[in-house]
Amino acid sequence: MDEAPDIPFRGIVEQSLAGMYVIQDEVFQYVNATFAAMLGYTPEEMDGMHLRQAVMPEMQAETVANFHRRVSGEVPSIRYTTIGRHRNGEPVHLEVHGSSVLYRGRPAVVGVGVNITEQLSQQEALRQSRERLRELAAYINTLREEQRSRIARELHDVVGGMLTSMKLDIQRISRRTQDPELKAIVGDLLHLAQESIQTVRTISEDLRPGALDHLGLGAALQAMLRQFSERTEVVSHLHRGGFDAQLPQAQATAAYRICQEALTNIARHADATHVVVRLTNGEGWLTVEIEDNGRGLVSLTPTGKSIGLVSMAERAREFGGNLASRPGATGGTCLILRMPLEDLW
Ligand SMILES: Nc1ncnc2c1ncn2[C@@H]1O[C@H](COP(=O)(O)OP(=O)(O)OP(=O)(O)O)[C@@H](O)[C@H]1O
Ligand SMILES: [Mg+2]
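Just so it is clear, the model here is predicted, and its values are computed rather than measured. (Residues numbered from 1 in each chain as written. Chains lettered and ligands numbered in written order. Predicted model: local features only at pLDDT ≥ 70, side-chain atom pairs only at ≥ 80, totals over all residues.)

Undergrad: Teacher, can you tell me more about the overall build of the protein chain here?
TA: Looking only at helices and strands, the protein chain features 10 helices and 10 strands. Computed over the C-alpha atoms, the radius of gyration of the protein chain is 35 Å, more than 25% above the 20 Å expected from 2.2 N^0.38 for a compact globule of 345 residues. Along the longest, intermediate and shortest principal axes, the C-alpha atoms of the protein chain span 120 × 45 × 40 Å. Expressed as a percentage of its 345 residues, the buried residues of the protein chain come to 23%. Considering only intrachain contacts with a sequence separation of at least 6, the fraction spanning at least 24 residues in the protein chain is 56%. (Helix = DSSP H or I, 4+ residues; strand = E, 2+ residues; numbered from the N terminus. Rg over C-alpha atoms; globule rule 2.2 N^0.38 Å. Buried ≥ 20, exposed ≤ 12 C-beta atoms within 10 Å, placed from the backbone. Contact = placed C-beta atoms within 7 Å.)

Undergrad: Before we go on, may I ask you to explain the site of ligand 1 in this structure?
TA: In the region of ligand 1, 16 residues are neighbours, and Asn 265, Ala 270, Ser 306, Gly 308 and Leu 309 sit closest. Of all the elements in the fold, those that place two or more residues in the shell around ligand 1 are helix 9 (249-270) and helix 10 (308-318). The biggest single contributor to the shell around ligand 1 is helix 9, with 5 residues. A breakdown of the residues in the shell around ligand 1 according to their chemical character gives 6 nonpolar, 7 polar and 3 charged. (Near = placed C-beta within 6 Å. Nonpolar A, V, L, I, M, F, W, Y, C, P; charged D, E, K, R; others polar.)

Undergrad: Even after reading the chapter, I still don't get helix 8 (residues 217-232), so can you show me in this structure?
TA: Residues spaced three or four apart along an α-helix face the same direction, because each turn holds 3.6 residues. A rise of 1.5 Å per residue sets the reference length of helix 8, with its 16 residues, at 22 Å; its end C-alpha atoms lie 22 Å apart and thus fit the reference within 8%. Among the residues of helix 8, those classed as buried are Leu 217, Ala 220, Leu 221, Met 224, Leu 225 and Phe 228. Within helix 8, the buried residues cover an arc of 135° as seen down the axis, which keeps them to one side. Across helix 8 from its buried face, at more than 90 degrees, point the exposed residues Arg 226 and Glu 230. Packed against the buried residues of helix 8 are helix 7 (210-214), strand 6 (235-239), helix 9 and strand 7 (274-282). (Expected span 1.5 Å × (residues − 1). Arc of directions from axis to C-beta.)

Undergrad: What am I meant to see in the nonpolar core here?
TA: The nonpolar side chains of a soluble globular protein tend to be buried with one another. Counting 33 residues, the largest nonpolar core has Leu 221, Ala 255, Ile 258, Cys 259, Val 277, Val 288 and Leu 337 as the members making the most contacts within it. Contributions of two or more residues to this core are made by helix 8, helix 9, strand 7, strand 8 (285-292), helix 10 and strand 10 (333-340). Considering every element that reaches this core, the biggest residue donor is helix 9, with 9 residues. Beyond its immediate sequence surroundings of up to four residues, Leu 221 is in contact with Leu 238, Tyr 256, Cys 259, Val 277 and Leu 279. Listed in part, the 17 residues of the second largest apolar core include Tyr 21, Ile 23, Ala 36 and Ala 54. (Core = buried A, V, L, I, M, F, W, Y, C linked by C-beta atoms within 7 Å.)

Undergrad: How should I be thinking about the domain arrangement of the protein chain in this particular structure?
TA: Accessible area lost upon the coming together of the parts serves often as the stated size of an interface. The assigned domain composition of the protein chain is domain 1 (13-115), domain 2 (127-207) and domain 3 (212-340). In this structure, domain 1 and domain 2 have C-alpha centres spaced 73 Å apart. (Domains from an automatic or database assignment.)

Undergrad: In this structure, what is going on with the environment of Thr 177? I would like to understand it.
TA: Relative to the helices and strands, Thr 177 resides in the loop between helix 5 (117-176) and helix 6 (180-207). We classify Thr 177 as partly exposed; it has 13 C-beta atoms within 10 Å.

Undergrad: Could you clarify how one ought to interpret the sheet that holds strand 2 (residues 27-31) in this entry?
TA: The pairing of strands in a sheet happens through backbone hydrogen bonds and is either parallel or antiparallel. The 5 strands lie next to each other as 2-1-5-4-3, forming an open sheet whose pairing is antiparallel. Where the open sheet ends on each side, the last strands, each with one partner, are strand 2 and strand 3 (77-85). Shown here is a sheet whose adjacent strand axes are inclined to one another by a mean of 35°, direction ignored. Taken together, the 5 bridges between strand 1 (residues 19-24) and strand 5 (residues 106-115) define a ladder with antiparallel strand orientation. Following the sheet pairing, Tyr 21 is matched in strand 5 by Gly 111. (Pairing = 2+ DSSP bridges. Axes fitted to C-alpha atoms, helices over the stretch in contact; angles between N-to-C directions.)

Right, dumping it as structure tokens:
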């Protein structure tokens, strides 16, 4: 074997961007400049410092215990995070990896430490920002549903009411005239009024399905599927064998909107000929499966600007539930929505 090359280890250790240390008898025997600087000292100042002094009080027992587990040979090497104590008293989050070695003929620990304070605070900032986004999504959903309900009501009650009055007046005119030309015009007007009433009803129903408020989720989904099949010529079935759950209105709305978006996706992307929706409840969970026989979903992870699946998953989450997918039984996609039925909100 070749003779070991004469590598200048001391220079490497002293210039290392990672902190390095040697501890023996619970006391620092050596630290490099990087490690000392993490805690606000010079290497000379840390020379001879007790291990306890370098960590926050709540971490002292665990850190000393970890030191002894290594020098005793119980575990030769441990990687863990601890909270160092800066000279100014501030906590410094450290990830350390130490191993037992022989130093001056007796057991010691040699280790490497990295300051992860910044990383942890970024993780925390990211978590908080996701949390705020989630709250925002929930708020927007609530606001949107309230607006839809209000517009649906106004349309139905006010505009629908006005059109009905118009229709009655037109009928009165129709009864009082014998003039054939006038009768023809009034007939057209009557037809137009009737169509307008129907249009207002359809728009209002689209905005806020009355069945959802009066007949519950099962009936509303049944109506949705019937309309979907009429519009797209995709054959659909709703199975709601044992479904008997009474859902709070907000939760029923969320499940309904998720199914609505799933059907929109099927019409737009799946190229399917059949859709089956299975509605079940049991063991405290509401489950809705929406299965198509189309080309299949590559992944639930969104790409580009798509927000459909993201907002479906967010709505489910808002109620403590989740959205998953698996390949359909005959190809295609099966989306699975699960929501707890307990009153968690
Ligand atoms: N049932 C399905 N079958 C096949 N592919 C699907 C199905 N549902 C979704 N996809 C694919 O997943 C992608 C993401 O869907 P998503 O609803 O998030 O976005 P989108 O429909 O493209 O846009 P939007 O934001 O308007 O909903 C779609 O672009 C489509 O490629
Ligand atoms: Mg979509």
